[in-house]
Amino acid sequence: MAFEKTATVLGAETSYRLAPSAKRYTLRDNGFIETNGGNYQLIRPLDATPQSKEGFKLKITVSKDIETLKMSITTANGLKAVNIFKDPKQKMSQDKFYFLMDGMISRGLFEKIED
């Protein structure tokens, strides 16, 4: 998966792009960790309890120039992208995804793009 100006997760109707106000310190303040390659990565669980290790994970990576990003929802081990939007039983994970994204939008990291 390559870095793009806009990104979304598999099955979601909403796309996101980096806000002009997003800076290195804004990313770090919101839990992004700098990778060995200089990019910024955030991994958040989407399951009911944070202690559970079986649930899905939201993975967002921002390029080191803070111009492009990529995002996905993966299995617990992070190896396979999944579509949580095709199964109504995943409603809680869907709600948590939108909650996390809305929080990052309100902090000036991302902007929502309606498709």
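As the structure is a computational prediction, the values presented were derived from the model and not from experiment.

A.B. asks: Hey, could you go over the side chain of T14 for me, with residue numbers and the actual values?
C.D. replies: Looking at the element boundaries, T14 is found in strand β2 (residues 14-18). Once residues within four sequence positions are removed from consideration, T14 is found in contact with T8, Y98, K112, I113 and E114.

A.B. asks: Hey, could you go over the pairing of β2 for me, with residue numbers and the actual values?
C.D. replies: Most of β2 is tucked away, with 4 of its 5 residues classed as buried. Where strand β1 (residues 6-7) and β2 come together, 2 bridges link them in antiparallel fashion. The residue of β2 that forms the bridge with A7 is Y16. In sequence, β1 turns back onto β2 through a hairpin of 6 residues, with G11 there showing a positive phi of about 90°. Strand direction decides the pairing type here: β2 and strand β7 (residues 110-114), joined by 5 bridges, are antiparallel. Paired with S15 across the bridge in β7 is I113.

A.B. asks: Would you mind going over the packing of aromatic side chains in detail, with residue names and values included?
C.D. replies: Evaluated as defined, the whole model comprises 4 aromatic pairs. Relative to F97, the ring of Y16 has its centre 6.2 Å away and its plane inclined at 80°; by these criteria the two rings are edge-to-face. With Y16 in strand β2 and F97 in helix α2 (residues 91-106), the pair connects residues that are 81 residues apart, well separated along the chain. One exposure class covers both Y16 and F97, and it is buried. Counting every residue linked through ring pairs, the aromatic cluster contains Y16, F85, F97 and Y98.

A.B. asks: How would you sum up the sheet that holds β7? Please name residues and give values.
C.D. replies: The antiparallel open sheet is built from 3 strands, whose spatial order is β1-β2-β7. With partners counted over all chains shown, the strands left at the sheet margins are β1 and β7, one partner each.

A.B. asks: Describe in detail α2, supporting the description with residues and values.
C.D. replies: Here α2 spans 22 Å end to end across 16 residues, near enough to the 22 Å set by a 1.5 Å rise per residue. Residues S93, Q94, F97, L100, M101, G103 and M104 constitute the buried set of α2. Lining the buried residues of α2 we find β2, β4 (40-45), β5 (57-62), β6 (69-74) and β7. Phi turns positive, to about 85°, at G108, one or two residues after α2.

Parameters at a glance
- Residues numbered from 1 in each chain as written.
- Predicted model: local features only at pLDDT ≥ 70, side-chain atom pairs only at ≥ 80, totals over all residues.
- Heavy atoms only, no water.
- Helix = DSSP H or I, 4+ residues; strand = E, 2+ residues; numbered from the N terminus.
- Contact = heavy atoms within 4.5 Å.
- Buried < 20%, exposed > 50% of the residue type's maximum accessible area, 1.4 Å probe, protein only.
- Pairing = 2+ DSSP bridges.
- Phe/Tyr/Trp six-rings, centres within 6.5 Å; stacked < 30°, edge-to-face > 60°.
- Expected span 1.5 Å × (residues − 1).

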